[in-house]
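Okay, here's what each chain looks like letter by letter:
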Amino acid sequence: MKWEKLKPPDPDEPMCCCGCDIYQYSCCCDCEDLDEAFNSWLKEKTPSCGLQSPVFGTMINNLEISMIPALLLLPLLLRAASLHYLLGIIILTALPGLVLSYYYATHRRKRRTLFFLALALYSLAYMYYLFITEILPRGDVSPLQMCVVTTGMILTIVSLIHTKRGPGFVADSLHEARMDAEDHTNHSDGSIQLAAPEKTRKQAPTTKWTLCPLCKIMRPPRAGHCRTCGSCVQRLDHHCVWINSCVGQANHRSFLQTVCVFVLTSVYGISLVLRSLCPCQYLVTALFYCPGVYSQPSTALCFTCCWYSSIITVGLVYLLVAQVLNISFNVTGREAQLALRNKKAQSRLWGLVVDTGEHSRGFYQNWVEFLTMKDSSVSFHSSPTDLV
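Residues numbered from 1 in each chain as written. Predicted model: local features only at pLDDT ≥ 70, side-chain atom pairs only at ≥ 80, totals over all residues. Heavy atoms only, no water.

As recorded in an unreviewed UniProt entry, the chain goes by Palmitoyltransferase and comes from Characodon lateralis. UniProt, in its Sequence similarities (unreviewed entry) section for the chain, records the words "Belongs to the DHHC palmitoyltransferase family." What UniProt states about the chain under its Subcellular location (unreviewed entry) heading is, verbatim, "Golgi apparatus, trans-Golgi network membrane". (UniProt positions renumbered as here; feature names shortened; annotations may be inferred.)

Structure below.
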């Protein structure tokens, strides 16, 4: 008898239904055999020109065939929602649940996935395509306004690429470089061994390096281990599934910039579309009442996409407000979760921010620290494949 199959799975690795003989639905296994077969088929078909870039090669290696149906169904669902306003309410209300259900059914065993990143980029490209093909020919958008929307799109992509360059992973050489720097400072300034100020002595416990129980490496203060990426990240805030990367010390500013640029571009684009579809209505009321918008399929589709974009924008506005408040109190998302779990913090502003009181030095100094912090890792340059 094979006792290996009776071993319990690791806590971080859910057991596949193929690993148990008594599972009655083993024929419906959702493991990654289909993705691996599709990846192997793509790898065998090398390009004839031989000019494959590293980024494109990594995208091919990480391609997931199971996310293609979701990308194909999105425009179909939006067109179905534009047939009638009641049908639009039902589909747009159920759309988040449908996306999450499909994700858990096809990608729940994947630690890192391009599903949400591909869905976000595809939605952004599809909204921009409809704006060019349906709204621009109506003549209500000036060339300057079109340039503003296009510039916002480009800045969003550029900021996203910069965010994807890495959150600032902790390496073994980071602690060694810090110890060497301290030894060099102690030897060069050996004569200056005065008593530390009281403020510095109080901050000494917060600057102690700790050993990660999973990575088995020394990590700096405020660093955390991401189970999704499998590495420790400097000043870890959270793991964002929408960019398929962690948000840490090296990319937190660019992440905040990406969210800000996207929100501004989305709000401006929605206002232009509503002005074109409902010129006689105010912007706030036009989103809820726009007479005659369902008389033509093109205008109904654009109006439905305005609602779709508004739902996404509202979620990002909430994320942006939470990020700004956390930065103002000098607390990360990981630190807030740990403080609430250990009951060592208090919630403020209706639960939008968790004040731990450990690193806050005032509103101004907190923002100065955030805007001037640098990636202290040894490897400053990322490979093009890290963008995927």
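Examining helix α9 (residues 252-277)
Under the 1.5 Å per step criterion, the end-to-end length of α9 is 37 Å for 26 residues, consistent within 8% with the ideal 38 Å. The buried count for α9 comes to 19 of 26 residues, which makes it a mostly enclosed element. (Helix = DSSP H or I, 4+ residues; strand = E, 2+ residues; numbered from the N terminus. Expected span 1.5 Å × (residues − 1). Buried < 20%, exposed > 50% of the residue type's maximum accessible area, 1.4 Å probe, protein only.)

Considering the packing of aromatic side chains
Scanning the model with the defined rule gives 10 aromatic pairs in all. On the numbers, 6.5 Å between centres and 10° between planes, the contact of Y122 with Y126 is stacked. With Y122 and Y126 both in helix α5 (residues 115-135) and 4 residues apart, this pair spans about one turn of that helix. Overall, the relative accessible area of 28% leaves Y122 in the partly exposed class. Assessed through its relative accessible area of 10%, Y126 is described here as buried. Put simply, the rings of Y102, Y103, Y104, F115, F116 and W242 pair up and form one aromatic cluster. (Phe/Tyr/Trp six-rings, centres within 6.5 Å; stacked < 30°, edge-to-face > 60°.)

Remarks on the state of the cysteines
Throughout the structure, instances matching the rule amount to 1 disulfide. Paired through a disulfide, C278 and C290 show a sulfur-sulfur distance of 1.5 Å. In this structure, the disulfide formed by C278 and C290 twists by about -110° around the S-S bond and is classed as left-handed. With C278 in the loop between α9 and α10 (283-286) and C290 in the loop between α10 and α11 (297-328), the pair connects residues that are 12 residues apart, well separated along the chain. Given a relative accessible area of 8%, C290 falls into the buried group. (Disulfide = S-S within 2.5 Å.)

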